[in-house]
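Overview (structure and organization)
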Amino acid sequence: MTAEDIALTKAYLYVSVDSIVGKDQTSERMWSRILVAWRENMGTYDEFRKANGLSCRWGLIQADVTKFHAAYESIERAPKSGVSIEKVKRDALRVYKETGDGSAFKFEHCWEILKENPKWCSLQLTKNGTSKKEKKTSEGLADSLAQTSLTSSLPDGVTNVDTENIDVEQGVARPPGILSSFQSTIEKQHLFNQQELELKKEKDKKYHELMELLVKKELELKEKAQQLKEEAQKEKQKLENRKECERIMTTYLTPLQPAIRRVYEQMQAKIIKEWEEEGLLGDDWLML
């Protein structure tokens, strides 16, 4: 799964930051392209893995990585003297675990790739935990640096720059509405993931109900088969007993020794009594 996640992360970055396609690509189109890129990155892959599956998996990766990266940047912004990058990472891993459900961060391999991409590590995505004052100050500083950089590169005589649509991460103009478009895409993806989850739950519920019904039917069939087997065994035993009784009743007693004859006579009397109780002898027997 680690190799699949790494391939998915690289494919997502490759497609989502494609400046040629940009924000004009639909979610369906984007994930179709991500699927192709993922397969190329994997080389050998599961043929049944579709774009919807990758989209759901990316939703989990992005949520966890965003949470961890926010903790990492929060610690990195206020480092203690002599603190190494590895120490910052360890502290971030601890904060992630303590502020969540106790589970460890399991997408570090994806974060290592994403953190190197400036477009992904945007202010909107990583500084949710800062105060409004801190955010305003940091954004103002970034805007000021971008303004200075752009102004210094303008032609002679041009001094005014519209900074409203400046990407402070890249230092280049960005299309208007890109943030709202990004947020809308995230919201739509979240809704899609929720719908996928609900559908999966419903399918799982129906599957379990069907399996319970099949198990119940199987038990009923086994019980019925066992009952028929026992009835057949009883009939067989009854037939064997009847044959033995007929043998005893038709045995010629005159040539037998007196002791053996008395035993047979007793058995015959017992058989006649049982037959009378079962009504097997009929009215003709009573007239004898």
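1. Focus on the overall build of the chain
Of regular secondary structure, the chain possesses 10 helices and two strands. Residue burial in the chain is summarised as follows: out of 288 residues, 23% are buried. Across the chain, every contact between residues at least 6 apart in sequence was considered, and the portion connecting residues at least 24 apart equals 53%. Here the chain has roughly 20,800 Å² of accessible surface; of this, 55% comes from carbon and sulfur atoms.

2. Describing the confidence of the model for the chain
A residue-level look at the chain finds 72% of positions with pLDDT of 70 or above and a mean pLDDT of 76. A low-confidence stretch, residues 126-176 (pLDDT under 50), is modelled with 42 contacts involving residues beyond four sequence positions or located in other chains.

3. Concerning the packing of aromatic side chains
This model, assessed by the stated rule, comprises seven aromatic pairs. When the centroid spacing of 4.4 Å and the interplanar angle of 10° are considered together, the rings of Phe-68 and Phe-105 count as stacked. Linking Phe-68 in helix α3 (residues 51-77) with Phe-105 in the loop between α4 (85-99) and α5 (108-114), this pair joins segments that are 37 residues apart in sequence. Phe-105 shares its class with Phe-68; the two are buried. An angle of 90° between the planes, with centres 5.0 Å apart, marks the rings of Phe-68 and Trp-111 as edge-to-face. Of the two residues, Phe-68 is situated in helix α3 and Trp-111 in helix α5; the sequence distance between them amounts to 43 residues. Each of the two residues, Phe-68 as well as Trp-111, counts as buried.

4. As for the layout of surface pockets
Estimated volume of the second largest pocket: approximately 580 Å³. Forming the boundary of the second largest pocket are 17 residues, of which Cys-56, Gly-59, Leu-60, Asn-193 and Gln-194 lie nearest the centre. Counting residues per element, the ones that place at least two in the lining of the second largest pocket are α3 and α8 (178-249). With 10 residues, the top contributor of residues to the lining of the second largest pocket is α8. Classifying every residue of the lining of the second largest pocket gives seven nonpolar, seven polar and three charged.

5. Some words on a negative patch on the surface
Together, Glu-198, Glu-202, Glu-209 and Glu-212 give the surface a local cluster of negative charge. Mapping Glu-198 onto the fold places it in helix α8. A relative accessible area of 46% means that Glu-198 is categorised as partly exposed.

6. Quick look at the pattern of salt bridges
Counted under the stated rule, the structure contains 12 salt bridges. For Lys-115, the salt bridge identified is with Glu-112, shortest N-O distance 3.6 Å. Lys-115 serves as the salt-bridge partner of Glu-116, at 2.6 Å between the closest nitrogen and oxygen. Look at the salt bridges and you will find they share partners, linking Glu-86, Lys-89, Glu-108, Glu-112, Lys-115 and Glu-116 into a network.

7. Some words on the environment of Asp-91
Along the polypeptide, Asp-91 turns up in helix α4. Exposure remark for Asp-91: the relative accessible area of 16% places this residue in the buried category. A polar contact of 2.8 Å, which involves the side chain of Asp-91, links it to the side chain of Lys-87.

Parameters at a glance
- Residues numbered from 1 in each chain as written.
- Predicted model: local features only at pLDDT ≥ 70, side-chain atom pairs only at ≥ 80, totals over all residues.
- Heavy atoms only, no water.
- Helix = DSSP H or I, 4+ residues; strand = E, 2+ residues; numbered from the N terminus.
- Buried < 20%, exposed > 50% of the residue type's maximum accessible area, 1.4 Å probe, protein only.
- Contact = heavy atoms within 4.5 Å.
- Areas by Shrake-Rupley, 256 points an atom, 1.4 Å probe, with all protein chains shown as cover.
- pLDDT = per-residue confidence, 0-100.
- Phe/Tyr/Trp six-rings, centres within 6.5 Å; stacked < 30°, edge-to-face > 60°.
- 1 Å grid on protein atoms, 1.4 Å probe; cavity = no way out; pocket = protein on both sides within 12 Å on 5 of 7 lines; lining within 4 Å.
- Points joined across faces, edges and corners; volume = space filled by probe spheres on them.
- Nonpolar A, V, L, I, M, F, W, Y, C, P; charged D, E, K, R; others polar.
- Patch = residues over 30% accessible without salt bridge, like charges linked within 9 Å, V, L, I, M, F, W, Y side chains within 5 Å.
- Salt bridge = Lys/Arg side-chain N within 4 Å of Asp/Glu carboxyl O.
- Lys, Arg positive; Asp, Glu negative; His and termini not counted.
- Charge placed at Lys NZ, Arg CZ, Asp CG, Glu CD.
- Polar contact = N/O pair within 3.5 Å; in protein donor to acceptor, adjacent residues only side chain to side chain.

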